[in-house]
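# Residue-level structural notes
Now for the letters of each chain:
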Amino acid sequence: MAHASVLAVGTQELPPQVTMEAEPVLVEAARRLDPARLRPVIGHLQLLADPDGADRRAERRHQRRGLWLASTLEGMVAVDGLLEPEAGQTCWPPWTP
């Protein structure tokens, strides 16, 4: 299910013809790669299909980033947030894909 989600979200903005032509390669990649490693494959396809769109996607990611804090009833602090891919990689444990 996670693989299908990565493929669906990653190809939703691509022209239908590009998605249809790439489908055999994407399905094979989904068979061989876990979802985290499948995302860069989709990103590469997006870049090839719409080089100018890379700037728009980067700007959208930049606008969505943030850190949100909320206090709980017990006085603790709940943390939620979104980091850009590069920043997220600095926080990700090296043993995790």
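Model, not experiment: these values are computed from the prediction.

Reading the values: the criteria
Residues numbered from 1 in each chain as written. Predicted model: local features only at pLDDT ≥ 70, side-chain atom pairs only at ≥ 80, totals over all residues. Heavy atoms only, no water. Axes fitted to C-alpha atoms, helices over the stretch in contact; angles between N-to-C directions. Helix = DSSP H or I, 4+ residues; strand = E, 2+ residues; numbered from the N terminus. Parallel < 35°, antiparallel > 145°, perpendicular 65-115°, else oblique. Left-handed = near helix turned anticlockwise from the far one by under 90°. Contact = heavy atoms within 4.5 Å. Nonpolar A, V, L, I, M, F, W, Y, C, P; charged D, E, K, R; others polar. Salt bridge = Lys/Arg side-chain N within 4 Å of Asp/Glu carboxyl O. Buried < 20%, exposed > 50% of the residue type's maximum accessible area, 1.4 Å probe, protein only. Patch = residues over 30% accessible without salt bridge, like charges linked within 9 Å, V, L, I, M, F, W, Y side chains within 5 Å. Areas by Shrake-Rupley, 256 points an atom, 1.4 Å probe, with all protein chains shown as cover. Expected span 1.5 Å × (residues − 1). Bend = angle between axes of the 7 residues up to and from the residue.

## Topic: the packing of helix H2 (residues 16-32) against helix H3 (residues 35-49)
Taken N-terminus to C-terminus, the directions of H2 and H3 make an angle of 160 degrees; their axes are 11 Å apart at the nearest point. One element, H2, and the other, H3, form an angle in the roughly antiparallel class. Relative to H3, the crossing made by H2 is right-handed. Taking contact as the criterion, the partners of Val18, Ala22, Leu26, Ala29 and Ala30 in H2 are, on H3, Leu38, Val41, Ile42, Leu45 and Ala49. Its residues placed into classes, the contact of H2 with H3 shows ten nonpolar, no polar and no charged.

## Observations regarding the environment of Arg31
Structurally, the position occupied by Arg31 is in helix H2. Linking Arg31 and His3, residues 28 residues apart in sequence, is a C-alpha distance of 8.6 Å.

## Here we look at the pattern of salt bridges
Within this structure, the stated rule accounts for six salt bridges. Note that Arg37 and Asp34 form a salt bridge whose closest N and O atoms lie 3.0 Å from each other. Asp34 sits in the partly exposed class, given a relative accessible area of 27%. Each member of the salt-bridge network shares a partner with another, and the members are Glu28, Arg31 and Arg32.

## Quick notes on a nonpolar patch on the surface
A cluster of nonpolar side chains, contributed by Leu67, Leu69, Val77 and Val79, occupies part of the molecular surface with about 440 Å² of accessible area. Of all the secondary structure elements, the ones that give two or more residues to the nonpolar patch are strand S1 (66-71) and strand S2 (77-82). For Val77, the location among the structural elements is in strand S2.

## Overview of H2
Residues spaced three or four apart along an α-helix point in a common direction, a consequence of the helix completing one turn every 3.6 residues. Across its 17 residues, H2 extends 24 Å between first and last C-alpha, which sits within 8% of the 24 Å expected from 1.5 Å per residue. The largest bend along H2 measures about 55 degrees and falls at Glu23, with the proline Pro24 one to four residues further on. For H2, the complete set of buried residues consists of Ala22, Leu26, Ala29 and Ala30. Lining the buried residues of H2 we find helix H1 (2-11) and H3.

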